Amino acid sequence: MPTTNPLRFVLASASPARRKSLRAAGIEPEVLVSGVDESTVNAERAETLCLDLARLKAEAITERIRSTSGPGTLVLGCDSVLAFDGEILGKPADAADATRRWKQMRGRAGVLHSGHCLIDVTGDRRAEAVASTTVHFAEISDDEIMAYIATGEPLQVAGAFTIDGLGGPFVERVEGDPGTVVGLSLPLLRNLLGELDLRITDLWQG
């Protein structure tokens, strides 16, 4: 049963897809954007980079709200990158970059990594982990690539694609949690809450 006094749950991300995933699972997050400059963070491994960024975002919001937070305040930071052909791919720089990527990715597979950092602000505890899902891309035509890039959607997301929007038809299948590709793994969030002695049902809105 949902708790009568839900925890305060802050999502340190402006991603509409992450918010939509949480709301579909009965969680109404408070959204605060961290303002972290992602271009200043580097790592050799995709798993390390996405977790470092997720941690920085969560920590930035935690410091911002610490003085005004009551008991039971949680902050979740997330970040996603695509590992493909030895490259770590975040959001494309421009339409030309997105086009180049899609011409490389079509008919092949990459691994989408999403870092998650959950901080209990008032308890000074945290839990963090990375969810990874293999994504198999369809063999799409040049015309389809051009039409997709023209929508602007690929320029807003890691790896230059989504599965929950216009890019969905261009992903043939995934191996792992589809939520990871959206940018937030609900099963992983449940496990992180468990590490903090909480249940995901504690976040349901009554």
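Residues numbered from 1 in each chain as written. Predicted model: local features only at pLDDT ≥ 70, side-chain atom pairs only at ≥ 80, totals over all residues. Heavy atoms only, no water.

Draft legend 1. Quick peek at helix α6 (residues 186-195). Listing the buried residues of α6 in full gives L188, L189, L192 and L193. Along the axis of α6, the buried residues cluster in a sector spanning 140°; they form a single face. Where α6 is buried, its residues touch β1 (8-11), α1 (16-24), β3 (73-84), β5 (109-120) and β6 (125-137). Regarding α6, its N-cap is S185, as a side-chain oxygen of that residue lies 3.3 Å from the backbone nitrogen of L188 further along. (Buried < 20%, exposed > 50% of the residue type's maximum accessible area, 1.4 Å probe, protein only. Helix = DSSP H or I, 4+ residues; strand = E, 2+ residues; numbered from the N terminus. Arc of directions from axis to C-beta. Contact = heavy atoms within 4.5 Å. Polar contact = N/O pair within 3.5 Å; in protein donor to acceptor, adjacent residues only side chain to side chain.)

Draft legend 2. Representation of the environment of C117. Residue position: C117 is located in strand β5. Overall, the relative accessible area of 0% leaves C117 in the buried class. Setting aside residues no more than four positions away along its own chain, C117 makes contact with A54, R55, A58, V75, L76, G77, R126, A127 and E128.

Draft legend 3. Molecular detail of the nonpolar core. Core analysis: the biggest nonpolar cluster contains 19 residues, and L82, W102, V135, F137 and F161 have the highest contact counts within it. Of all the secondary structure elements, the ones that give two or more residues to this core are β3, α3 (95-105), β6 and α4 (142-150). Discounting residues that sit within four places of it in the chain, F137 has contacts with L82, W102, M105, R106, G107, R108, A109, G110, F161, F170, V171 and E172. Counting 18 residues, the second-largest nonpolar core is a separate cluster that includes F9, L76, C78 and L203. (Core = buried A, V, L, I, M, F, W, Y, C linked by side-chain atoms within 4.5 Å.)

Draft legend 4. Focus on the packing of aromatic side chains. Applying the stated criterion across every chain yields a total of 5 aromatic pairs. Where W102 meets F137, the ring centres are 5.4 Å apart and the plane angle is 75°; that geometry is what we call edge-to-face. Of the two residues, W102 is situated in helix α3 and F137 in strand β6; the sequence distance between them amounts to 35 residues. In this pair, the class of W102 matches that of F137, namely buried. (Phe/Tyr/Trp six-rings, centres within 6.5 Å; stacked < 30°, edge-to-face > 60°.)

Draft legend 5. Up close: the side chain of S69. With respect to the secondary-structure elements, S69 resides in the loop between α2 (46-65) and β3. A polar side-chain atom of S69 sits 2.6 Å from the main-chain carbonyl oxygen of I65. The contacts of S69, once residues within four sequence positions are left out, are R8, V121 and T122.

Draft legend 6. Structural view of the packing of α3 against α4. Their axes nearest at 10 Å, the elements α3 and α4 cross at an angle of 145°. Crossing hand, α3 versus α4: right-handed. Packed against α3, whose contacting residues are A95, A98, T99, W102 and K103, the element α4 presents D142, I145, Y148 and I149 at the interface. Residue classes in the contact of α3 with α4 are distributed as 6 nonpolar, 1 polar and 2 charged. (Axes fitted to C-alpha atoms, helices over the stretch in contact; angles between N-to-C directions. Left-handed = near helix turned anticlockwise from the far one by under 90°. Nonpolar A, V, L, I, M, F, W, Y, C, P; charged D, E, K, R; others polar.)

Draft legend 7. Local environment of α4. Three or more residues of α4 are buried, namely I145, Y148 and I149. The buried side chains of α4 occupy one side of the element, clustering within an arc of 95° when seen end-on. Across from the buried face of α4, at angles greater than 90 degrees, the exposed residues are D143, M146 and A150. Tucked into the core, α4 has its buried residues touching α3. Just past α4, the residue G152 takes up positive phi, approximately 85°.

Draft legend 8. Up close: unusual backbone geometry. Its identity as a non-glycine residue notwithstanding, D124 has a phi of 50°, on the positive side. On the secondary structure map, D124 appears in the loop between β5 and β6. Of note in the backbone geometry, D197 takes a positive phi value of approximately 65° without being a glycine. Inspection of the secondary structure assignment puts D197 in the segment after α6.

Draft legend 9. Focus on the pattern of salt bridges. This model, assessed by the stated rule, comprises 18 salt bridges. Residue R19 is joined to E28 by a salt bridge in which the shortest nitrogen-to-oxygen separation is 3.3 Å. On the basis of relative accessible area, E28 is assigned to the partly exposed category, the value being 32%. Between R108 and D85 there is a salt bridge, with the nearest N and O atoms lying 2.7 Å from each other. (Salt bridge = Lys/Arg side-chain N within 4 Å of Asp/Glu carboxyl O.)

By themselves these figures say nothing about function.
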